[in-house]
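# Architecture and fold: a report
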Protein chains: 2
Amino acid sequence: MNEAVVLTSERILEVTEDVLRRYGLAKATVVDVARALDVSHGSVYRHFPSKASLREAVAKRWLERVSRPLAQIAAEPGPAPAKLERWLRELFDAKHKRVCEDPEMFATYLTLAREACAVVKAHKQELISQVEGMIAEGVAQGAFDVADPKIAAAAIFDATRSFHHPAHADEWADCTCSTRVDAVLTLLLRGLAAR
Amino acid sequence: MNEAVVLTSERILEVTEDVLRRYGLAKATVVDVARALDVSHGSVYRHFPSKASLREAVAKRWLERVSRPLAQIAAEPGPAPAKLERWLRELFDAKHKRVCEDPEMFATYLTLAREACAVVKAHKQELISQVEGMIAEGVAQGAFDVADPKIAAAAIFDATRSFHHPAHADEWADCTCSTRVDAVLTLLLRGLAAR
DNA sequence: GCGCTGACAGATTTCAATATCTGTCAGCAC
DNA sequence: GTGCTGACAGATATTGAAATCTGTCAGCGC
């Protein structure tokens, strides 16, 4: 009963990421993954019903690595405005770092995400509800003046797309980027603030 | 001297748009354009040094059809906040209409624009400076409280990307879209407002 | 029984031959 | 002289045959 050699979904996902990194998205096949795991490709299909579902699971893992640390920030106590700002900056940082440190792998994950549209939708909803929580908190603290925290959260998400949506990743290397982040955050926090 | 049959750059551009509409971006060739104009393809190359420059000119025309009516709004007299809101809504409407009424042609123009990156950059700068003008006006009127109109204009542009950047066009048909536009505009105008 | 293998059919991708297009230019027509 | 044509070379796209991959499943080994 050696744990290390048991074939689990988790192990398949890890090796799949390696294979994607090594071969690139276009060339990585299920056969390659099976070879890297030293099993037949039929075995992989015992854990994932299709190549698409395997890719979807890889995308999900990737998105969870973004949303988990953010959930932690959202759960912390303290004044909502500062927390919201920190949360947003952390989100932007996480994305910007990923694209800067390994642009190829970012492109790979991006394509995976495009294919796994349902997973991305759930991820977006998760992030928006974290924001909603912080805005509701701010309202309770008397710091924010907002009619509907749900709608305001969606608005914050929409208004910061330039800095977290991968379609704009090519601008994230721009040297004016941090100034632009500051300007948008200032505008939005002023817009939320009670007066 | 029949004006109608003289081969001008303008006439080539018009016919090129027709050809793009008829054949689609991938299949439209310079030979097709020349055939539609009833001249040899060599003649087209007297007016445009390359296929790329012809496509660029088509993209430029398209973008100008967006920015011209907006410039008119920006030039009107009146209170800046209402004008800025009207300007932004007009921008969103113009884009949304284009994608709804003819999605195929929108996709064509989008690809042209991607190839003509310099033209798009200039278009963005043009739009941002129109916004800058309105913000400066608002500051002069005492309606806006903003340190640097240039930076604020860029921030307004960034914060409204969801509704004017073609990467998000697939969301513009969403029924919640108009609510989301309202929410973001409310937030941004509150953020700009003097208090 | 349970999990894995590997042969298989149909779908997809690759590759090289073939066809078409881009961009040039000598020469023709006005 | 001016502006257009159409043949041409090199670049790019298309096509169809061959190779590879995906997803299934009967059967093997534990």
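Before going into details, it helps to say that this report is about the structure given with it. Because the structure is a prediction, the values reported are computed rather than measured.

Calculation notes
Residues numbered from 1 in each chain as written. Chains lettered and ligands numbered in written order. Predicted model: local features only at pLDDT ≥ 70, side-chain atom pairs only at ≥ 80, totals over all residues. Heavy atoms only, no water. Contact = heavy atoms within 4.5 Å. Buried area = accessible area lost by both parts, 1.4 Å probe. Salt bridge = Lys/Arg side-chain N within 4 Å of Asp/Glu carboxyl O. Polar contact = N/O pair within 3.5 Å; in protein donor to acceptor, adjacent residues only side chain to side chain. Helix = DSSP H or I, 4+ residues; strand = E, 2+ residues; numbered from the N terminus. Nonpolar A, V, L, I, M, F, W, Y, C, P; charged D, E, K, R; others polar. Near = heavy atom within 4 Å. Least-squares fit on C-alpha atoms with pLDDT ≥ 70 in both. Phe/Tyr/Trp six-rings, centres within 6.5 Å; stacked < 30°, edge-to-face > 60°. Buried < 20%, exposed > 50% of the residue type's maximum accessible area, 1.4 Å probe, protein only. Expected span 1.5 Å × (residues − 1). Disulfide = S-S within 2.5 Å.

What follows concerns the interface of chain B and chain A. Listed by partner, the interface residues are 25 residues for chain B and 26 residues for chain A. Taken over both partners, the interface formed by chain B and chain A buries close to 2,200 Å², and the fraction arising from carbon and sulfur atoms is 54%. The largest per-residue losses of area from chain B upon contact with chain A belong to L187, R190 and R195 of chain B, which jointly make up 28% of the total buried on that side. Linking chain B with chain A are eight salt bridges, by the criterion used here. E171 of chain B is the partner of R161 of chain A in a salt bridge, and the nearest nitrogen-oxygen pair spans 3.2 Å. Seen at the junction of chain B and chain A, the total is 17 residue pairs in polar contact (both at pLDDT 80 or more). Counting residues per element, the ones that place at least two in the side of chain B that touches chain A are α8 (149-159), α9 (161-164) and α10 (177-192) of chain B. Partitioned by chemical class, the residues of the side of chain B that touches chain A number 12 nonpolar, five polar and eight charged.

Taken together, 13 residues form the shell around DNA strand D, and within it H41, Y45 and K51 of chain A together with S40 and S43 of chain B come nearest. Counting only the atoms of DNA strand D that lie within 4 Å of the protein, the sugar and phosphate share comes to 55%. Taking H41 of chain A, its side chain carries an N or O atom lying 2.9 Å from a base oxygen of DNA strand D. In this structure, a phosphate oxygen belonging to DNA strand D sits 2.9 Å away from a side-chain N or O atom of Y45 of chain A. Within the residue set of the surface near DNA strand D, elements represented by two or more residues are α2 (30-37) and α3 (41-47) of chain A together with α3 (41-47) of chain B. By residue number, the principal contributor to the surface near DNA strand D is α3 of chain B, which donates four residues.

Quick look at unusual backbone geometry now. Backbone geometry at D38 of chain A places phi at a positive 65°, although glycine is not the residue there. Residue placement: D38 of chain A occurs in the loop between α2 and α3.

Turning our attention to the protein's contact with DNA strand C. Around DNA strand C, 13 residues are found, and the nearest of them are S40 and S43 of chain A together with H41, Y45 and K51 of chain B. Here DNA strand C approaches the protein such that, of its atoms within 4 Å, sugar and phosphate make up 55%. Contacts to DNA strand C include V30 of chain B, whose backbone N or O atom sits 3.1 Å from a phosphate oxygen. One of the side-chain nitrogen or oxygen atoms of H41 of chain B is found 2.9 Å away from a base oxygen of DNA strand C. Mapped onto the surface near DNA strand C, the elements with two or more residues apiece are α3 of chain A together with α2 (30-37) and α3 of chain B. Counting residues per element, the surface near DNA strand C draws most heavily on α3 of chain A, which supplies four residues. When the residues that make up the surface near DNA strand C are grouped by side-chain class, the tally is four nonpolar, seven polar and two charged.

The next point concerns the relation of the copies chain B and chain A. The two copies are related by a screw operation: chain B maps onto chain A through 180° of rotation and 0.0 Å of translation along the axis, at an RMSD of 0.0 Å. Overall, the copies show the geometry of a two-fold rotation axis. Both copies present the same face, since 100% of the interface residues in chain B are matched by interface residues at the equivalent positions in chain A.

Another aspect to go through is the packing of aromatic side chains. One pass over the full model with this rule turns up eight aromatic pairs over all chains. On the numbers, 5.9 Å between centres and 75° between planes, the contact of W62 of chain B with F106 of chain B is edge-to-face. Within this pair, whereas W62 of chain B is found in helix α4 (residues 51-75), its partner F106 of chain B is found in helix α6 (residues 103-115), the two being separated by 44 residues in sequence. F106 of chain B carries the same exposure label as W62 of chain B, and that label is buried. Seen from their ring centres, F106 of chain B and W172 of chain B are 6.4 Å apart, and the 75° between their planes marks the pair as edge-to-face. You can see F106 of chain B sitting in helix α6 and its partner W172 of chain B sitting in the loop between α9 and α10, a full 66 residues away along the chain. Each member of the pair, F106 of chain B as well as W172 of chain B, is classed as buried. Chaining the aromatic ring pairs together yields one cluster made of W62, F106, Y109 and W172 of chain A.

This brings us to α6 of chain B. Its 13 residues give α6 of chain B an end-to-end C-alpha distance of 19 Å, which sits within 8% of 18 Å, the value for a rise of 1.5 Å per residue. Buried residues in α6 of chain B make contact with α1 (9-23), α4, α5 (80-101) and α7 (117-140) of chain B.

A few words on the state of the cysteines. Enumeration according to the criterion identifies zero disulfides over all chains in this entry. The closest cysteine sulfur to the non-disulfide-bonded C117 of chain B is located on C175 of chain A, 16 Å from its own sulfur.

Here we take up the pattern of salt bridges. All names here are of chain A. Within the structure shown, the criterion is met by 36 salt bridges over all chains. A salt bridge links D182 to R89, with the nearest nitrogen and oxygen atoms 2.9 Å apart. One end of the pair, D182, is in helix α10 (residues 177-192); the other, R89, is in helix α5 (residues 80-101), and 93 residues separate them in sequence. Classification of D182 by relative accessible area gives partly exposed; the value is 33%.

Attention now moves to the side chain of H164 of chain B. Residue and element names in this part refer to chain B. When you line up the elements, H164 lands in helix α9. Accessibility expressed as a relative area gives 4% for H164, which makes it buried. Polar side-chain contacts of H164 include one of 3.0 Å to the backbone oxygen of F157. The residues contacting H164, other than those within four sequence positions of it, are L91, F92, K95, F157 and W172.

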